[in-house]
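# Per-entry structural report
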Amino acid sequence: MDDVILKLVRLRKAFTDGRAVQALESFSGEVRAGEILGVVGESGSGKSTLARLVMRLIDADEGEIWLCGREIGRLRGAALRRCYGQMQMVFQDAAGSFDPRLPVGRSIAELLENFTDLRRRERAAEVGRLLEQAGLTADHGRRLPGELSGGECQRAAIARALAVRPRLLLCDEATSALDVSMQAQIVELLHRLARELSMAVLFISHDLALVDSLCDRVAVLYRGRVVEEGPARAVIGSPQHPYTQRLRASVLTPEGLE
């Protein structure tokens, strides 16, 4: 795991609403191939701002974003669009990320059409393979998003994200809308895919127990600052910063965290 896929250098972002509010202050970190980095913190800590910066949905005030050895923080237009062939995002509201009028298989095929040279028959076969890789069947691809369960829709969203074979998968609260048993299944899926595909995963969550079960390393955000970081088991098992300690104390600890 020596291949650095994502490297963030002193990212800063402030928003103005009558006064300047520092949403993210000097965030640095990296994620390697096959590694899962968890970013955890309560609402307002800067997690979603970080996700939007990495995906270039908003611009950083300062800092650098390196993807596969290339600084992408100032790219625009076609050059930026090409980056989405190397990174994809899985959202919290999986159903809302699909066109409700299209079968999910068709939505996946559209991504293949835009980012690959596959012909129609090849795209159809690839859609089936991607759905199977995410734990679904070809039949799921013929259904509308509203006809799938929450877990099935999240698996379909992961299948769609994998369509371009990204080096980086960014998950922003991707399991928070699911029940505990389905969360465990999605966590297992993400863990397997990261290893099998040598894909870097940036997993953003407010759930400390979930981060502990999935992530190799963790960064704890508080009011836009990283207050603690390191191997997940070390940080969550024996937190040093008072904020991380409070987060841990607030969790109804599942078996294995104590």
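Remember, it's a predicted structure, so these values are computed and weren't measured experimentally.

### Quick look at helix α6 (residues 150–162)
Every α-helix winds through 3.6 residues per turn, so residues three or four apart in the chain are directed the same way. When the terminal C-alpha atoms of α6 are compared, their 19 Å separation across 13 residues agrees well with the 18 Å that a helix rising 1.5 Å per residue should span. With eleven of 13 residues buried, α6 is to be regarded as a mostly interior element. Within α6 the residues assigned to the buried category are G151, C153, Q154, R155, A156, A157, I158, A159, R160, A161 and L162. For α6, the elements touching its buried residues are β6 (87–90), α3 (104–115), α4 (120–133), β7 (168–172) and α7 (180–196).

### A few points about the packing of aromatic side chains
Under the counting rule described, the total for this entry stands at one aromatic pair. The ring centre of F98 lies 4.0 Å from the NZ or CZ of R160, which sits over that ring.

### Things to note about the pairing of β7
Remark: a regular strand shows side chains that alternate across the two faces of the sheet. Among the five residues in β7, five count as buried, and that is most of the element. In this structure, β7 lies alongside strand β8 (residues 200–205), joined through five bridges in parallel fashion. For L169, the partnering residue across the bridge sits in β8 and is V201. Taken together, β7, α7 and β8 constitute a β-α-β crossover, and its handedness is right-handed.

### Quick notes on the pairing of strand β3 (residues 36–40)
Where burial is concerned, most of β3 is hidden: five out of the five residues are buried. On β3, burial covers both faces: I36, G38 and V40 on one face and L37 and V39 on the other are all buried. Across four bridges, the pairing between β3 and strand β9 (residues 217–222) is parallel. If you follow V40 over to β9, its bridge partner there is V220.

### Observations concerning the pattern of salt bridges
In total, this model carries 20 salt bridges according to the counting rule given. As a salt-bridge pair, E71 and R74 come within 3.7 Å of each other at their nearest N and O atoms. In this structure, D212 and R233 form a salt bridge, with 3.5 Å as the shortest nitrogen-oxygen distance. Remark: R233 occurs in helix α9 (residues 232–237) and D212 occurs in helix α8 (residues 208–214); sequence separation between them is 21 residues. Residue D212 is classed as buried on the basis of its relative accessible area, which comes to 8%. Salt bridges here are not isolated pairs; linked through shared partners, they connect R12, E25, E62 and R225.

### Things to note about the packing of α3 against α4
Close contact between α3 and α4 brings their axes to 9 Å; oriented N to C, the two are set at 120°. Compared by their axis directions, α3 and α4 come out oblique. For the element pair α3 and α4, the recorded crossing hand is right-handed. Of the residues in α4, those touching α3 at G105, I108, A109, L112 and E113 are R123, E126, V127, L130 and L131. Taken together, the residues that form the contact of α3 with α4 break down as six nonpolar, one polar and three charged.

Reading guide: rules and limits
Residues numbered from 1 in each chain as written. Predicted model: local features only at pLDDT ≥ 70, side-chain atom pairs only at ≥ 80, totals over all residues. Heavy atoms only, no water. Helix = DSSP H or I, 4+ residues; strand = E, 2+ residues; numbered from the N terminus. Expected span 1.5 Å × (residues − 1). Buried < 20%, exposed > 50% of the residue type's maximum accessible area, 1.4 Å probe, protein only. Contact = heavy atoms within 4.5 Å. Phe/Tyr/Trp six-rings, centres within 6.5 Å; stacked < 30°, edge-to-face > 60°. Lys NZ or Arg CZ within 6 Å of the ring centre and 35° of its normal. Pairing = 2+ DSSP bridges. Right-handed = clockwise from strand over helix to strand, strands pointing away. Salt bridge = Lys/Arg side-chain N within 4 Å of Asp/Glu carboxyl O. Axes fitted to C-alpha atoms, helices over the stretch in contact; angles between N-to-C directions. Parallel < 35°, antiparallel > 145°, perpendicular 65-115°, else oblique. Left-handed = near helix turned anticlockwise from the far one by under 90°. Nonpolar A, V, L, I, M, F, W, Y, C, P; charged D, E, K, R; others polar.

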